[in-house]
Amino acid sequence: MTGQRQYDALEASELFCPTCRRAQPVRRHLLLVLPTGNKYEYRCAACGTPVGAKDDTDASEFNSILSGRRLK
Ligand SMILES: [Zn+2]
């Protein structure tokens, strides 16, 4: 099972929000695009409180920006 990468398979869809005091759907915000991967922050979809963060090691977005192709 090595060498296979599954994109979006492990995305968090709900996280505990301390402001709402319950698990809430989250929105993913891209914070930084780096040559080594991207940094994301998860925020509560209801109140906007940051409830988690994630880094990945996917450099394809960075390379896309370098080559002039912008991803939204
Ligand atoms: Zn909340």
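Since the structure is predicted, the reported quantities are computational estimates derived from the model, not experimental observations. (Residues numbered from 1 in each chain as written. Predicted model: local features only at pLDDT ≥ 70, side-chain atom pairs only at ≥ 80, totals over all residues. Heavy atoms only, no water.)

Caption draft 1: How the structure looks around the coordination of the zinc ion. Of the protein atoms, only Cys17 (SG), Cys20 (SG), Cys44 (SG) and Cys47 (SG) coordinate the zinc ion, at distances of 2.2 to 2.4 Å. Coordination at the zinc ion is tetrahedral: its 4 donor atoms span angles of 102 to 115° at the metal. Donor residues binding the zinc ion come from one chain and are separated in sequence as C-x2-C-x23-C-x2-C. Residue classification places cysteine 44 among the buried positions, given a relative accessible area of 4%. (Donors = N, O, S within 2.8 Å, 3.2 Å for Na, K, Ca; no water. Tetrahedral: all angles 85-135°; square planar, octahedral: opposite > 155°, others 65-115°. Buried < 20%, exposed > 50% of the residue type's maximum accessible area, 1.4 Å probe, protein only.)

Caption draft 2: Seen up close, the sheet that holds strand E1 (residues 14-17). Reading across the sheet, the 4 strands line up as E1-E2-E3-E4 and stay open at both edges, with antiparallel pairing between neighbours. Edge strands, defined here as strands with exactly one partner in the open sheet, are E1 and strand E4 (50-55). Each adjacent strand pair in this sheet contributes to an overall mean axis angle of 40°, direction not counted. In this structure, strand E3 (residues 37-44) lies alongside E4, joined through 5 bridges in antiparallel fashion. Each bridged residue has a counterpart across the sheet, and for arginine 43 the counterpart in E4 is proline 50. (Pairing = 2+ DSSP bridges. Helix = DSSP H or I, 4+ residues; strand = E, 2+ residues; numbered from the N terminus. Axes fitted to C-alpha atoms, helices over the stretch in contact; angles between N-to-C directions.)

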